[in-house]
Each structure stands twice: as C-alpha cells, then as structure tokens.
Amino acid sequence: MMEVVSIILAAGKGKRMNSDLPKPLHKIAGKSLIDWLESSLDEVKVSKKLYVLGHQSEKLIKSIGTADYVIQEPQLGTGHAVKLTKDKIKNHEAIIIIAYADTPFVPSNKIKKMISQIKDGYDISILGFVSSNPKGYGRIVKNGDEVIKIVEEVDTDDETSKINLCNSGILAGRANNIYNYLNQVKKSSNGEYFLTDIISICSKNTSKVGLVLSSEEDLIGINDREDLSKAEIIVQNRLRTKYMKNGVTMIDPRSVYIDARSKIQKDVTVEPNVFIGANVEIQSKTIIKSFSYLEDCFIGRNCSIGPFARIRPETEILENVKIGNFVEIKKSRINENSKVNHLTYVGDATIGKSSNIGAGTITCNYDGKQKHKTNIGNHVFIGSNVALVAPINIKDNSIVGAGSTLTKDVEENLIAVERSKQKQFKRRRKN
Ligand code: UD1
Ligand code: MG
C-alpha cells in the first residue's frame, strides 16, 4: 500500500491574530482550527501524522494527540518548516501532504484528487482557488495551462497582484522530490524561506505541476480576527443549511448560532435568536423559543423550551416537558410531562414525571462550600416562590404551599406549608 504522510505547519507566531492563544487553537463553531483540519484529513487515511510546532509549542502538543512533531525554532518560513521534517520520513517514496494549520476546511475529496495526480506522475500538486479579493494570498502564475510559479504577496508587481487565482497552501508530492526542491530554495526578500518557491523550481526542472481547484469558502486562510469571523459565517451557514435540509425549521436562520458538535433532529423548530452551544442534542418535534441559551444538554421529543430559557451543562429534559421564560436549569434531569414554566432555578436536581414547579421556585443547592441535591418525585405540585434547601426530597404526590422555605423532606401524599401566620390590623386614616 502507498504510504501517505500528512505534515501540518503550525509553528508560526500568528502575529496578525494579536492573541495570547496560538492561532491553531482558535475556534470556529466550537471546534479548533486544527480539529477542523484533522476532520478532513481523517477521511484521507494517512499512515503518519506529523506537525511542525514552534511558537507556544507546549500548548499545541496537548492538542495534537498521538501525532509526531518537530520543533522549528526560529521560524524562518514555510519552506524552512517543511525541510525540518525530512528525518522523520523514512520512506522517500512516500507521498506527503502539506497543510497549514490556518486553512481548516480543506475538502478531503480534493486532497484525494491531489494524491491521484501524484500517482499519475506529477511531481507536485497544489490546491488553488479563485478569489474576488486575492490580497494576502500567494498568486498562482500560469503559462497557458501550465503552472509555472507562485508569487507571494510581498513580491507581487502591478501585473501579478491582479491575478485572482490563489494558492491555498495545500501541497502534495513525493517526499524525495519535495526535499530535493527545498534544498534549492533561497531566502526571499523578507528573509523567509517560502515553501511556494518550490513550484518554479519544479516547473523549471521540466516537471509538471498539477493544479486542483476548490472554492474560496473551502480554502479560506485565517490570518486575523476578521478572517476568523468570515470562517465562522461560512460554517454557520453550512450548519444551518444542513439542518434545514434534514427537516429543521428555522424562522430566521441567520440569528441562530449552532456549535458543530450539536445534533438537532427533524421537525424541531428553532425561533430567532437562539444559541445552541457544544454537545446539545434536541429530539424531534421540540420547539426552542427565542433568546434561549443551551449548552451540553439533552432535550427529548415534543418539548417547549423558552423563550429566555437557560439550559446549562449536564441537563437532561425528557419528552413533553415545558420549560418557560426566565428559567435556568443546571445539571438536572426533568422527567416526562413535567412543567417548569416561570422564573425558576433548578440545579443539581431530579424532577419526576408530571410534576409542576411553580413560578419563582429555587433549589438552594449551594451552602457556600458544597453543592447538594434536590429530589422531587412524580406528580408533585410545588407552589410559587418556594425555596427548597438541599439536600432535600419532596416525594411522590405531595404538594408544597406557595412561599414555603423547606429544609426537611416531604413524605408521599402530604401537603407541606412553611409560612408565618398572616396578621391583619384595622387600617387607620388621618382624615
Ligand atoms: C501562506 C502561503 C500563501 C498562501 C496562504 C494561504 C507561503 C510562503 N505562503 O501565506 O502562498 O496563499 O498561506 O492561506 O507559504 N508556519 C510555520 N513556520 C513558519 C512560518 C509559517 O510553521 O516559519 C505555519 C504557520 O503557523 C501557518 C502556516 O505555516 O499555519 C502558513 O503561514 P502564514 O504565515 O499564515 O502564511 P500566509 O501569509 O497565510
Ligand atoms: Mg496564513
């Protein structure tokens, strides 16, 4: 079998991001740039993964899993970075795929196409795109149909700066060819060794350079925060389109944010201005009303959530549950057919089936040091403005009167009220 090695360049300072966080760890729809890139490389089935790290390498080492790496110090350009990987690749017939950590959405079928170009005899294959605003990208220069060189932005003149065929940075070739061409790369005008200079060397060597094309959306390179926000818009549009195709109704899709790690089933309706964070699962026929904020939770079938609901991590909401406005739920399980309709905090709690939690109910789960649990049974009715001081159990079929502050368990079938007696006095008037 053909050996394929991926080399991801992630050593640069990412100066244009102006960030303390290394660029490859910035997130789009909740996933880091390198996780996006790894997701598409996973479909290519590489036999070895290699990273070039440098700037803040300690932070990145934690995020690259079992991949091998080399350290580039100082960072003298993309050509210099790739050169350092030579000793890590034993089989010089292997095909290597070079990708940049700041180019996250490379389609895997295009990488496969580049690999087949190499198998078909091209020395090098590059992945390009046509851009309406090519500034900042290396320009691919052709002579007729043949790619002859890549000119970097710093080296463009009047003529080349107008070229809108851009280099994505993804490059494939046989290891021995690439390292051989890299040995001939000279320092550029800005003191760096450009990987892209191997294209003219290859072309002059009378070897053909293969060109595969994809869209600008697929190949956007992220250098600053504006690029990051553009990439976020691309992904959000894709996610919303995917869910709408799968049968989700979005009344105003542009105002709905979805984390890439969430799942929404068919016939869910999402109203305008909803935030669906990481690892949220929403089952069929549920409606998420406006201004709700959901993270790391499961919401069963046929529920109604919000408007203005906050569903926090480790919450499970089962079928036919209603969660109304200004309700916060944290690390709790709400069983079938229950209702928590208004102005309530439920934390570290379990609520049974068909129970009703009145407006303004608070589970007092925190004593300043520790968190405690509240268990509410089936068919329980909690009146308005009740404080349940945890740990506490409110057992099946019981009722808690409005305004109570409970510190003791309530047994099955009982009514509990904790309230000072109402006093009444005659009203005095001056005249
Ligand atoms: C690069 C390409 C350009 C292309 C664009 C696509 C070069 C010289 N230019 O420009 O043709 O159009 O990407 O987005 O390759 N890196 C290192 N070590 C270094 C320098 C960079 O590992 O010494 C890494 C960076 O961390 C980054 C990647 O290489 O992940 C690309 O570097 P960057 O500075 O972003 O290059 P661009 O200016 O975007
Ligand atoms: Mg870049």
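Let me sum up the structure you'll find in this document. Remember, predicted model here, so these are calculated numbers, not experimental data.

Thresholds, definitions, all that
Residue numbers run consecutively from 1 along every chain, following the written order of its sequence. Just so you know, chain letters begin at A and ligand numbers begin at 1, following the order they were written in. Predicted model: local features are reported for residues with pLDDT of at least 70 only, side-chain atom pairs are reported and counted for 80 or more only, and whole-chain, interface and lining totals are derived from all residues. Excluding hydrogens and water, the side-chain values take into account all heavy atoms of the structure. Put simply, a patch holds well-exposed residues, over 30% relative accessible area, that have no salt bridge, with like charges counted together within 9 Å and Val, Leu, Ile, Met, Phe, Trp or Tyr side chains within 5 Å. What sets the accessible areas is the Shrake-Rupley method with a 1.4 Å probe; for residues, cover comes only from the shown protein chains. Note on definitions: salt bridges are taken to be side-chain nitrogens of Lys or Arg within 4 Å of carboxyl oxygens of Asp or Glu. To qualify as a helix, a DSSP run of H or I must reach at least 4 residues; to qualify as a strand, a run of E must reach at least 2; elements of each kind are numbered from the N terminus. The classification of residues rests on relative accessible area computed with a 1.4 Å probe and restricted to protein chains. Under 20% of the type maximum is buried, over 50% is exposed, and intermediate values are partly exposed. The contact criterion used throughout is that any non-hydrogen atoms of two residues lie within 4.5 Å. Within this scheme, the nonpolar core is defined by two criteria: the residues are buried Ala, Val, Leu, Ile, Met, Phe, Trp, Tyr or Cys, and they are joined through side-chain atoms within 4.5 Å. Here the bounds of each domain stem from an automatic or database domain assignment. A cavity, in this analysis, means grid points on a 1 Å lattice covering only the protein atoms where a 1.4 Å probe fits yet has no way out; a pocket is instead an open set bounded by protein on both sides within 12 Å along at least five of seven lines, and a residue lines either one if it has an atom within 4 Å of a point. Grid points are joined across faces, edges and corners, and a volume is the space filled by probe spheres set on the points. Polarity classes work like this: nonpolar for Ala, Val, Leu, Ile, Met, Phe, Trp, Tyr, Cys and Pro, charged for Asp, Glu, Lys and Arg, and polar for all others, with Gly in that last group. Nearness is defined per residue: one heavy atom within 4 Å of the molecule or strand is enough. For the purposes of these results, a polar contact is taken to be a pair of N or O atoms within 3.5 Å, where, inside protein, one atom must be able to donate a hydrogen and its partner to accept one; residues adjacent in sequence count only when each atom of the pair is a side-chain atom. Molecules are considered to sit inside a cavity or pocket once more than half of their atoms lie within 2 Å of its grid points. Listed donors are limited to N, O and S atoms within 2.8 Å of the metal, widened to 3.2 Å for Na, K and Ca; water is not among them, so incomplete-looking sites are possible.

Some points on a nonpolar patch on the surface
- A cluster of nonpolar residues, Phe291, Phe308, Phe326 and Leu343, forms a patch on the protein surface that exposes about 420 Å² of accessible area.
- On the secondary structure map, phenylalanine 326 appears in strand 24 (residues 322-330).

Re helix 5 (residues 175-182)
- Most of helix 5 is tucked away, with 6 of its 8 residues classed as buried.
- Taken as a whole, helix 5 has its buried residues at Ala175, Asn177, Ile178, Tyr179, Tyr181 and Leu182.
- Of the surrounding elements, those touching the buried residues of helix 5 are strand 1 (4-10), helix 3 (78-83), strand 6 (95-100), strand 7 (124-130), strand 10 (165-174) and helix 6 (198-204).

Focus: the nonpolar core
- Ile28, Ile305, Ile311, Ile317, Ile323, Ile382 and Ile394 are the most contacted members of the largest nonpolar core, which totals 86 residues.
- A per-element tally of this core places helix 8 (residues 225-245) first, with 6 residues.
- Three or more residues apiece are contributed to this core by two domains, here domain 1 (4-213) and domain 2 (225-416).
- Those residues in contact with isoleucine 394 that lie beyond four places of it in its chain are Asn375, Ile376, Gly377, Val380, Ile382, Leu388, Val400, Leu406 and Val410.
- Core analysis: the next-biggest nonpolar cluster, separate from the first, contains 33 residues, Ile150, Leu165, Tyr181 and Ile199 among them.

Observations regarding the layout of surface pockets
- Of the volumes computed, that of the largest pocket is approximately 1600 Å³.
- When contributions to the lining of the largest pocket are tallied by element, the ones reaching two or more residues are strand 1, helix 3, strand 10, helix 7 (216-219) and helix 8.
- The residues that make up the lining of the largest pocket include at least three from each of domain 1 (4-213) and domain 2 (225-416).
- The space that makes up the second largest pocket amounts to roughly 320 Å³.
- Considering the residues around the second largest pocket, the lining is formed by 15 residues, among which Trp36, Ser39, Ser40, Phe105 and Arg238 are closest to the centre.
- By residue number, the principal contributor to the lining of the second largest pocket is helix 8, which donates 4 residues.
- When its residues are assigned to classes, the lining of the second largest pocket shows 8 nonpolar, 3 polar and 4 charged.
- A domain split of the lining of the second largest pocket shows at least three residues from each of domain 1 (4-213) and domain 2 (225-416).

Some points on the environment of valine 321
- With respect to the helices and strands, valine 321 occurs in the loop between strand 23 (315-317) and strand 24.
- Discounting residues that sit within four places of it in the chain, valine 321 has contacts with Asn302, Cys303, Ser304, Ile334, Asn335, Glu336, Asn337 and Ser338.

Here's the deal with the site of ligand 1
- Close to ligand 1 lie 25 residues, the nearest being Gln72, Gly77, Tyr100, Glu152 and Asn167.
- Between ligand 1 and alanine 101 there is a distance of 3.4 Å, counted from an oxygen atom to a backbone nitrogen or oxygen.
- Contact distances for ligand 1 include 2.7 Å between an oxygen atom and a side-chain N or O atom of glutamate 152.
- Compared with its free state, where it exposes 760 Å², ligand 1 has 90% of that area covered by protein.
- Among the detected pockets, ligand 1 sits in the largest pocket.
- Sorting the residues of the shell around ligand 1 by element identifies strand 1, helix 3 and strand 10 as the ones contributing at least two each.
- Among the residues making up the shell around ligand 1, the classes are represented as 9 nonpolar, 12 polar and 4 charged.

Overview of the coordination of the magnesium ion (ligand 2)
- Coordination of the magnesium ion (ligand 2) by the protein involves Asp102 (OD) and Asn223 (OD1), with metal-donor separations of 2.0 to 2.2 Å. Residue aspartate 102 is located in the loop between strand 6 and helix 4 (108-119), and its partner asparagine 223 is located in the loop between helix 7 and helix 8; the two are separated by 121 residues in the primary sequence.

Some thoughts on the environment of leucine 388
- Note that leucine 388 resides in strand 32 (residues 387-389).
- Leucine 388 gets classed as buried once you look at its relative accessible area, which sits at 0%.
- Put simply, leucine 388 and asparagine 223 are 165 residues apart on the chain and 51 Å apart in space, counted from C-alpha to C-alpha.
- Beyond its immediate chain neighbours, meaning those up to four positions away, leucine 388 contacts Thr361, Ile362, Thr363, Cys364, Thr374, Ile376, Ile382, Ile394 and Leu406.

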